[in-house]
Amino acid sequence: MKIRETHIVPNLTEEIRLQEYAANIFESITTRSAVKKAIKKQRILINGEIGQTGDWILEGQKIDLLQSENQQKSFELKLEVVYEDEHIAVINKPAGYPTSGNYFKTIKNALPFNLKSSKETDRLENPQPAHRLDNPTSGILLCAKTNKALIELNRQFQQKEIQKTYIAIVEGNFPDTTQVFENEIEEKSARTSVKLLKKLAFKTTNLSLVEAKPLTGRTHQIRIHLAKNGFPILGEKLYGSPNFNFGKGLFLASIAVGFAHPVDSTEMYFEIDFPKKFKRITENL
């Protein structure tokens, strides 16, 4: 196997074992759990010998981290790549595929087929989605190609520093003023800001094209808030099905995202066009 990173142990001021020491010397693995996994897979060598969790580290030792074998099967699904550099990628997720999970046909398994491998030292073995979009939801998905990018994007999501914008077609005559829905989800606070973009009508059914911005990050938050407040999304099956059925899946899409680049903090903003199925219904009605 190829060597990915090499470290020569300098003068040490205290005794330390491999599992604790290795978490601070490699760029591509930075946690004890990741080090433990690498040791278990025999990817860490000390002076050419397979390292063990409890090995004591000594000055002058050569510690190598081996390249892991890529065991992830690539799902050959062509994706629209909106943006890509050595650290991150932004893709347009199609509806009907889970972001990740114990399945083969996931967006996560399709990323190696669509993205270039990073040349950075801390590159991930395979690109990783930095968040999740529901199976029936389409649109912008942020992905990380390096360990540093993944950690920083996760931090930005946790600190609510990433702004995501969704569009949805809902049943009902949505108010002209921006609404902030605050129904608790699984006994946790949740807030979604929703504003009307366009009023639609089909026969005797009032429909509305709305823009939704989740101010918190609960599972199915937009879908739950709209349904609970009398504006179920077309195609909604989990939280109360609308009376009007257009037969084209869930009409919810992530169309814009704003965030700071995880490496140089440059302000990034990406926006995609409305999905075709949205255009079909808005133009037909």
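Residues numbered from 1 in each chain as written. Predicted model: local features only at pLDDT ≥ 70, side-chain atom pairs only at ≥ 80, totals over all residues. Heavy atoms only, no water.

**Q** Describe the sheet that holds strand β4 (residues 62-66), listing the residues and the values that go with them.
**A** Spatially, the four strands line up as an open sheet ordered β1-β4-β2-β3, and their pairing is antiparallel. If you trace the sheet from one side to the other, it starts and ends with β1 (3-8) and β3 (49-50), each paired once. Direction of pairing for strand β2 (residues 44-46) relative to β4: antiparallel, over a ladder of three bridges. Considered in β4, the bridge of I46 is made with I63. (Pairing = 2+ DSSP bridges. Helix = DSSP H or I, 4+ residues; strand = E, 2+ residues; numbered from the N terminus.)

**Q** An account of the pattern of salt bridges is needed here, citing residue identities and associated values.
**A** As enumerated under the stated definition, the model contains 13 salt bridges in all. Of the charged contacts, one joins E125 and R43 as a salt bridge, the two residues approaching to 3.8 Å between their closest N and O atoms. With E125 in strand β7 (residues 123-129) and R43 in the loop between α2 (32-40) and β2, the pair connects residues that are 82 residues apart, well separated along the chain. We classify E125 as partly exposed; its relative accessible area is 32%. By relative accessible area, R43 is classed as buried at 10%. Here R223 makes a salt bridge to E236, at a shortest N to O gap of 2.9 Å. Residue R223 is found in helix α5 (residues 221-228), and its partner E236 is found in the loop between α5 and β13 (252-260); the two are separated by 13 residues along the sequence. Residue R223 shares its accessibility class with E236, and that shared class is buried. Sharing partners across several salt bridges, the network here consists of R132, D134, R223 and E236. (Salt bridge = Lys/Arg side-chain N within 4 Å of Asp/Glu carboxyl O. Buried < 20%, exposed > 50% of the residue type's maximum accessible area, 1.4 Å probe, protein only.)

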